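Chain by chain, the residues:
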Amino acid sequence: MKLIFASVFSATMLALAGCAPKESPKPAPAAAPATAPATTAAAVAPAGPRVIEIIVSDTLAFSVKRIEATAGEELKVTITHTGSMPKEAMGHNFVLFNKGIDLESFGQETPMAKATEYIPPGYEAEIIAHTRLVGPRESDSVTFKAPKEPGEYIYICSTPGHYLAGMRGVLVVK
Ligand SMILES: [Cu+2]
């Protein structure tokens with residue numbers, strides 16, 4: 001055992017000794033790829049959706065009550081809650097409807113839809129877009145295309161009672 005170890009050790013030393021002089025300095029790390037391609041990609045990237053920022057707080061109101069858009073325009077609505085009251089009572093969302101929505105019926109169903117953040121089931125065809133329910137210091141966004149048909153489209157906060165108290169606005173498509 002001792003002999004074998006010694007032989008291996010010697011061989012290793014020899015190998016190391018033999019190799020050492022030939023060892024060349026490590027090559028410098030390859031230069032990072034030029035940033036030109038990324039810049040080019042950004043330059044040709046299509047413009048993103050137009051961002052509409054809506055602030056909500058401890059009052060029953062949207063900071064933006066009227067949004068104007070062109071038919072089919074891509075919009076990103078961001079709703080940010082700057083208040084401090086509990087989400088239970090003062091949570092808000094943004095729900096945009098197609099024309100012809102029966103808000104009274106919808107409003108009657110929202111109290112039973114707490115589990116789905118006050119979006120009652122069965123309104124998929126009537127709702128163009130909606131955000132999640134946001135509480136204090138929370139924010140959510142939804143990206144969608146404005147309808148192709150010109151006209152007025154109502155949006156509300158669907159927390160029970162909120163839209164009746166004035167938490168509503170209109171998307172005007174031109
Ligand atoms: Cu609300």
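I will try to describe carefully the structure that is included in this document. The structure presented is a predicted model; accordingly, all values stated were derived computationally and were not measured.

So, on to the overall build of the protein chain. Broken down by element type, the protein chain carries four helices and eight strands. Here the protein chain holds 174 residues, and 33% of them are scored as buried. Taking the intrachain contacts of the protein chain between residues at least 6 apart in sequence as the baseline, contacts between residues at least 24 apart amount to 73%.

A negative phi angle is the norm for most residues apart from glycine, just as the trans form is the norm for most peptide bonds. The phi dihedral of E117 falls on the positive side, at around 55 degrees, and the residue is not glycine. Within the secondary structure layout, E117 lies in the loop between α4 (103-109) and β5 (127-130). On the basis of relative accessibility, which here comes to 19%, the residue E117 falls in the buried class. Positive phi is not limited to glycine here, since R137 has a value of about 60 degrees.

This part covers the side chain of T159. Following the sequence through the fold, T159 ends up in the loop between β7 (151-156) and β8 (168-173). Residue T159 is classed as buried on the basis of its relative accessible area, which comes to 4%.

Along the chain, the position of T143 falls in strand β6 (residues 139-145). For T143 and V51, which are 92 residues apart along the polypeptide, the C-alpha to C-alpha distance reads 8.8 Å. When sequence neighbours within four positions are dropped, the list of residues in contact with T143 reads P49, E74, L75 and K76.

Quick look at the coordination of the copper ion now. At 2.0 to 2.7 Å from the copper ion lie its protein donor atoms, namely H92 (ND1), C157 (SG), H162 (ND1) and M167 (SD). Each of the four donor atoms bound to the copper ion contributes to angles spanning 86 to 130 degrees, and the resulting shape is tetrahedral. Sequence positions of the donors to the copper ion reduce to the motif H-x64-C-x4-H-x4-M. Placement of the pair is H92 in the loop between α3 (87-90) and β4 (95-97) and M167 in the loop between β7 and β8, with a sequence separation of 75 residues.

Cut-offs used in this document
Residues numbered from 1 in each chain as written. Predicted model: local features only at pLDDT ≥ 70, side-chain atom pairs only at ≥ 80, totals over all residues. Heavy atoms only, no water. Helix = DSSP H or I, 4+ residues; strand = E, 2+ residues; numbered from the N terminus. Buried < 20%, exposed > 50% of the residue type's maximum accessible area, 1.4 Å probe, protein only. Contact = heavy atoms within 4.5 Å. Donors = N, O, S within 2.8 Å, 3.2 Å for Na, K, Ca; no water. Tetrahedral: all angles 85-135°; square planar, octahedral: opposite > 155°, others 65-115°.

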